[in-house]
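# Notes for the structure review
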Amino acid sequence: MKILVCGGAGYIGSHTILELLSADYEVVIADNFSNSCPEVIKRLEKISGTSIPYAEGDLDDQSFVDQLFEQYGPFEAVIHFAALKAVGESCLKPIEYYKNNLISTLNILDSMRKFGCHKIIYSSSATVYGEPEHLPIAESVGTSSATNPYGQSKIINERFLEDYAKADPEFIATALRYANPLGAHESGEIGEEPNGIPGNLVPYIAKVAVGKLDHLNIFGDDYPTPDGTGRRDYIHVVDLAKGHVAALAEMNTRKGFDAINLGTGRSYSVFEILNCYSEVCGRKLPYEIKARRPGDIAENYLDPTKAKEKLNWTAQYDLRRMLEDSWHWQSKNPDGYTSPADSK
Ligand code: UD1
């Protein structure tokens, strides 16, 4: 069975490709490499020993998406990871974010309709819950209003899927709402490599650990949490990737739209992450306390019960393993994908 993976060269997409191949799916990657690079595909081929077809192009171009289905289809399902995802940037460039993130989803749905493909998994996020009233967050609380265009685009895309599922009785859609992904494949060949200075916590700490950045800025130590720093639900990216394979299987058993959390059901603080990373890399990592970051919340973590019941999926890896795998990737590739893979 062949799966079209939009954004398959990105951080979560690339790890999912390996899990799909292990589960005997055929894959085709569509990516514009705006926040990734073709080297990712070479490395996926090296790890898997499989040749991976890919098409470079923009999903906000309907003719490119139609061409994907024509040339590489038929597809059993689409997994849609491709999106702009920097929260701060989305506030500065809302038009770019809405155009890219919304039009690409509409184009994919339109091509799926034209070419008779009925299943889609959509990359959503815990951000759709906004500021939670109760923890852990269960799917049943419904989506809230996000504080930024990036998060808002996730909510709107989920709505597209839900509405289309009401209109087409054959359509099956799953929005997977992710906790914060960390770690890397055990090979150390693929991992997270954001453009420029990382906006997220662990990619930033990894750059401090490898000596590319001086110290971590901790955004606030006066939150109502035990050590005063923000707490989040962190999940190993390979656990997340496996969740997609489980979701594909579950979609054979129902029709319509569903939203499922992929999280661990617990949170860690910024200090807990920093201290654990220091242990893993063998060096006390420097930090400075700064003001809170606008839009941040004190704590969130997801209720993973529905994923266990519906997908028979539970996260397997603990925090130490996530950070060991992050460090393995970063120390092996201090310059990310521009570090030549064959020289190590
Ligand atoms: C953000 C997005 C989320 C997205 C996730 C990707 C929002 C509000 N957040 O989550 O949708 O899925 O990235 O992983 O939409 N921190 C520091 N110093 C830093 C960076 C972060 O102290 O240099 C702190 C933050 O204040 C926060 C924690 O680390 O308490 C995690 O931050 P981050 O990794 O950016 O993730 P989120 O904001 O939770």
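Anyway, here's the lowdown on the structure attached to this text.

Conventions adopted
- Residues numbered from 1 in each chain as written.
- Predicted model: local features only at pLDDT ≥ 70, side-chain atom pairs only at ≥ 80, totals over all residues.
- Heavy atoms only, no water.
- Helix = DSSP H or I, 4+ residues; strand = E, 2+ residues; numbered from the N terminus.
- Buried < 20%, exposed > 50% of the residue type's maximum accessible area, 1.4 Å probe, protein only.
- Contact = heavy atoms within 4.5 Å.
- Areas by Shrake-Rupley, 256 points an atom, 1.4 Å probe, with all protein chains shown as cover.
- Lys, Arg positive; Asp, Glu negative; His and termini not counted.
- Charge placed at Lys NZ, Arg CZ, Asp CG, Glu CD.
- Near = heavy atom within 4 Å.
- Polar contact = N/O pair within 3.5 Å; in protein donor to acceptor, adjacent residues only side chain to side chain.
- Nonpolar A, V, L, I, M, F, W, Y, C, P; charged D, E, K, R; others polar.
- Core = buried A, V, L, I, M, F, W, Y, C linked by side-chain atoms within 4.5 Å.
- Pairing = 2+ DSSP bridges.
- Salt bridge = Lys/Arg side-chain N within 4 Å of Asp/Glu carboxyl O.
- Axes fitted to C-alpha atoms, helices over the stretch in contact; angles between N-to-C directions.
- Expected span 1.5 Å × (residues − 1).

Turning next to the overall build of the protein. Helices and strands together make up the secondary structure of the protein, namely 11 helices and 13 strands. By its C-alpha atoms, the protein is 55 × 50 × 40 Å across when sized along the principal axes. Counting across all 344 residues of the protein, residues that qualify as buried make up 55%. Considering only contacts in the protein between residues 6 or more positions apart, those separated by 24 or more positions represent 80%. Put simply, the protein shows about 14,700 Å² of open surface, and 50% of that area lies on carbon and sulfur atoms. Side chains of the protein give 34 positive and 48 negative charges; the mean places of these two sets differ by 1 Å.

Moving on, we come to the site of the ligand. Close contacts around the ligand come from 20 residues, with Leu201, Asn217, Arg232, Arg293 and Asp296 the closest. Take Arg293: an N or O atom from its side chain is 2.8 Å from an oxygen atom of the ligand. Here an oxygen atom of the ligand sits 2.5 Å away from a polar atom, N or O, in the side chain of Asp296. Protein chains bury 88% of the 740 Å² of accessible surface belonging to the ligand in isolation. If you list the elements that add at least two residues to the shell around the ligand, you get strand S7 (180–182) and strand S8 (216–219). When residues in the shell around the ligand are grouped by element, the largest group, four residues, is from S8. Looking at side-chain class alone, the shell around the ligand contains nine nonpolar, eight polar and three charged residues.

Attention shifts here to the nonpolar core. Ranked by internal contacts, the top residues of the largest apolar core, which has 50 residues, are Ile17, Leu20, Leu44, Ile52, Leu248, Leu262 and Leu311. With seven residues, helix H8 (residues 237–250) is the single largest residue contributor to this core.

Here Asp303 shows up in the loop between strand S13 (287–290) and helix H10 (305–311). Asp303 gets classed as buried once you look at its relative accessible area, which sits at 19%. Excluding residues within four positions of it along the chain, Asp303 makes contact with Pro136, Ile137, Ala138, Glu139 and Asn261. A polar atom in the side chain of Asp303 sits 2.4 Å from the side chain of Thr305.

A regular strand places its side chains on the two faces of the sheet in alternate fashion. Alternating positions in strand S4 (residues 77–80) separate into two faces, Ala77 and Ile79 on one and Val78 and His80 on the other, with burial throughout. In the sheet, strand S1 (residues 2–6) pairs with S4 via four bridges, with the strands oriented parallel. Across the sheet, the residue bridging to Val5 is Ile79, located in S4. The pairing of S4 with strand S5 (residues 119–125) spans three bridges and is classified as parallel.

Pairing is possible between side chains of opposite charge, provided their charged atoms come close. Going through the model one piece at a time under the given rule, you end up with 28 salt bridges. Across the pair Asp296 and Arg232 runs a salt bridge whose closest N-O atoms are separated by 3.9 Å. In this pair, Asp296 sits in the loop between S13 and H10 while Arg232 sits in strand S9 (residues 231–232), placing the two residues 64 residues apart along the sequence. Under the relative-accessibility criterion, Asp296 is labelled partly exposed at 22%.

Glancing now at the sheet that holds S4. Reading across from one edge, S3-S2-S1-S4-S5-S6-S11 is the order of the seven strands in this open sheet, with parallel pairing throughout. Bordering the open sheet on either side are strand S3 (54–56) and strand S11 (256–262), each of which pairs with just one other strand. Here the average twist between neighbouring strands, direction ignored, is 20 degrees. Note that strand S6 (residues 172–178) and S11 share seven bridges and pair parallel. When the sheet's bridge partners are listed, Leu176 is paired in S11 with Ile260.

What follows deals with helix H11 (residues 319–332). With 14 residues, H11 should reach 20 Å at 1.5 Å per residue; the first-to-last C-alpha distance of 20 Å fits that figure. Taken as a whole, H11 has its buried residues at Leu319, Met322, Leu323, Asp325, Ser326, Trp327, Trp329 and Gln330. The inward-facing, buried residues of H11 abut helix H2 (38–48), S7, helix H7 (201–209), strand S10 (234–236), strand S12 (268–269) and helix H9 (270–281).

Another point: the side chain of Glu250. Within the secondary structure, Glu250 is located in helix H8. On the basis of relative accessible area, Glu250 is assigned to the buried category, the value being 7%. At a separation of 3.0 Å, a polar atom in the side chain of Glu250 contacts the side chain of Arg254. If we skip the residues at most four places from it in the chain, Glu250 touches Thr174, Lys310 and Leu311.

For the rest of this paragraph, the subject is unusual backbone geometry. Between Gly73 and Pro74 the backbone carries a cis peptide bond, its omega angle lying at 0 degrees. For the peptide bond that leads from Leu135 to Pro136, omega is -10 degrees, which places it in the cis range. Tracing the backbone through its elements, the reader meets Pro136 in the loop between S5 and helix H6 (149–167). The backbone phi angle of Asp24 is positive, close to 70 degrees, even though this residue is not glycine. As for its position among the elements, Asp24 is in the loop between helix H1 (11–22) and strand S2 (26–31). Classification of Asp24 as exposed rests on a relative accessible area of 67%.

As far as function goes, none of this settles anything; it's purely spatial.
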